[in-house]
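Per-entry structural report
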Amino acid sequence: MLRILRRGEPRIILAKINICRQLVVRSSREMSAQTKPVVYVTRRIPESALRLVGARCNVKQWNSDDPVPQDELLRNVPGIDGLYCLLTDNIDKSVLDQAGPNLKVVSTMSVGYNHIDIQECHRRKIPVGFTPGVLTDATAELTVALLLMTSRRLLEAVHQVKSGGWGTWAPLWMCGAGLSGSTVGILGLGRIGAAVAQRLKPFGVARILYSSRTPKEEVAGPLGAKFVSFEKLLEESDSVIVCCALTKETRHLINRNALKKMKKTAVIVNTSRGDVINQDDLHSALVEGDIAGAGLDVTTPEPIPTDHPLLALPNCVVLPHVGSATVETRTAMAVLAAKNLLAGLNNEPLLEQVS
């Protein structure tokens, strides 16, 4: 039996239909949000990377340029599916325990991963992503720049200008060592080490020596680099460049004994990891004249205290870990870390995974 609608009743019915539609849409959105994986980002990162993660995840973030305090990190990781971290974060067993069984992937926006308990992640079958390759060129450029700053005493020269020490011209005033005709020794001929060697060739270096666990002829051949023992590299090099990874074997590899084997006119540059060099031994070597100078882009700790004795030495150049500090490189690192994170959340192989 048909019922005749009263005046105004169609509007009421349409209004109810619209309300129902809105409820369905809202419910659908809420369900979609609930099904998205939850990730925690431990720092303010380039916007392109954050958008990439945010499009597919519910993001919690420590939105600061300063490192997240450990207690804040522990408060925010329970129940997360993915963790996007940086080199300054301590991702140890306690963080993994606090995160719980939902954690599927850890992705770090760095080449180094000493800040992550890799063994514990492997035990829990949690893949760990990192960002090698994309920072090779920027770090190699910075390494050469730091070598020139150190060997040519450029920081000392700037200080002389600013302090009024620039007087009349003198034949040997502010003289350093040139690269042309010199011997350069590279510890670790990986991606960055090889890129450094490639950039040094146009400077006219006479020899490029390298030391690593095994010879790397396929890399060294085109560069004209010669594989030698660690001791021979120290003894014959005018410049020693540290590009090796930090491991149990390489921690404090450059110590008092190693520095004593170097030429007194030699300089050492480190853009790898601070702990490869024993900084107390380095300070003694610089003060006592065992070597001519040092250039460091990495230290232990970071940041290095402003009253650290190395900072008082005129023949030691210290930079604040800026090897990869170009806008293009940092953005590429951030995006790669985001893609590693998303791949892990989707149970797909990571683009770059720590083995």
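Scroll up to find the structure.
Keep in mind that this is a model prediction, so the values were computed, not measured. (Residues numbered from 1 in each chain as written. Predicted model: local features only at pLDDT ≥ 70, side-chain atom pairs only at ≥ 80, totals over all residues. Heavy atoms only, no water.)

Tracing the chain through its elements places Asn 255 in the loop between β9 (239-242) and α11 (256-261). Expressed as a C-alpha distance, the spacing of Asn 255 and Val 269, which sit 14 residues apart in the sequence, is 14 Å. Not counting chain neighbours up to four residues away, the residues in contact with Asn 255 comprise Asn 278 and Asp 281. In this structure the side chain of Asn 255 is engaged in a polar contact, spanning 3.0 Å, whose partner is the backbone nitrogen of Ala 258. (Helix = DSSP H or I, 4+ residues; strand = E, 2+ residues; numbered from the N terminus. Contact = heavy atoms within 4.5 Å. Polar contact = N/O pair within 3.5 Å; in protein donor to acceptor, adjacent residues only side chain to side chain.)

This paragraph deals with the sheet that holds strand β11 (residues 293-296). Spatially, β8-β7-β6-β9-β10-β11-β12 is the arrangement adopted by the 7 strands of the open sheet, whose pairing is parallel. One side of each edge strand has no neighbouring strand; the edge strands of this open sheet are β8 (225-227) and β12 (316-318). Neighbour-to-neighbour, the strand axes of this sheet turn through a mean angle of 20°, independent of strand direction. Across 3 bridges, β11 lies against β12 in parallel orientation. Its bridge partner being in β12, Gly 295 is matched across the sheet by Val 317. Across the sheet, helix α8 (residues 191-200) touches β6 (183-187), β7 (207-211) and β9, and the angle it forms with β6 is around 165°. Along the sheet, helix α12 (residues 279-288) contacts β10 (267-270), β11 and β12; its crossing angle with β11, the most-contacted strand, is approximately 145°. (Pairing = 2+ DSSP bridges. Axes fitted to C-alpha atoms, helices over the stretch in contact; angles between N-to-C directions.)

As a further point, take the pairing of strand β2 (residues 58-61). Taken together, the 4 bridges between strand β1 (residues 38-41) and β2 define a ladder with parallel strand orientation. Along β2, the bridge assignment pairs Val 39 with Val 59. Regarding the hand of the β-α-β motif, the stretch spanning β1, helix α2 (residues 47-54) and β2 is right-handed. (Right-handed = clockwise from strand over helix to strand, strands pointing away.)

Its boundaries defined by the atoms lining it, the second largest pocket holds a volume of some 310 Å³. Lining of the second largest pocket is provided by 17 residues; of these, Ser 151, Arg 153, Val 267, Ala 292 and Gly 293 occupy positions nearest its centre. Ranked by residues supplied to the lining of the second largest pocket, first place goes to helix α6 (residues 136-151) with 3 residues. When its residues are assigned to classes, the lining of the second largest pocket shows 7 nonpolar, 7 polar and 3 charged. (1 Å grid on protein atoms, 1.4 Å probe; cavity = no way out; pocket = protein on both sides within 12 Å on 5 of 7 lines; lining within 4 Å. Points joined across faces, edges and corners; volume = space filled by probe spheres on them. Nonpolar A, V, L, I, M, F, W, Y, C, P; charged D, E, K, R; others polar.)

A few words on helix α13 (residues 327-345). The end-to-end C-alpha distance of α13, which contains 19 residues, comes to 27 Å, matching closely the 27 Å that a straight helix rising 1.5 Å per residue would cover. Listed in full, the buried residues belonging to α13 are Thr 329, Met 333, Ala 334, Leu 336, Ala 337, Ala 338, Asn 340, Leu 341, Leu 342, Ala 343, Gly 344 and Leu 345. Close packing links the buried residues of α13 with β1, α2, β3 (82-85), β4 (105-108), β5 (128-129) and α6. Asn 347 lies just past α13 and shows a positive phi near 60°. (Expected span 1.5 Å × (residues − 1). Buried < 20%, exposed > 50% of the residue type's maximum accessible area, 1.4 Å probe, protein only.)

To continue, consider α2. Residues Ala 49, Leu 50 and Val 53 constitute the buried set of α2. Looking straight down α2, one finds that the buried residues subtend no more than 100° of arc, so they occupy a single side. Buried positions along α2 lie against β1, β2, β3 and α13. (Arc of directions from axis to C-beta.)

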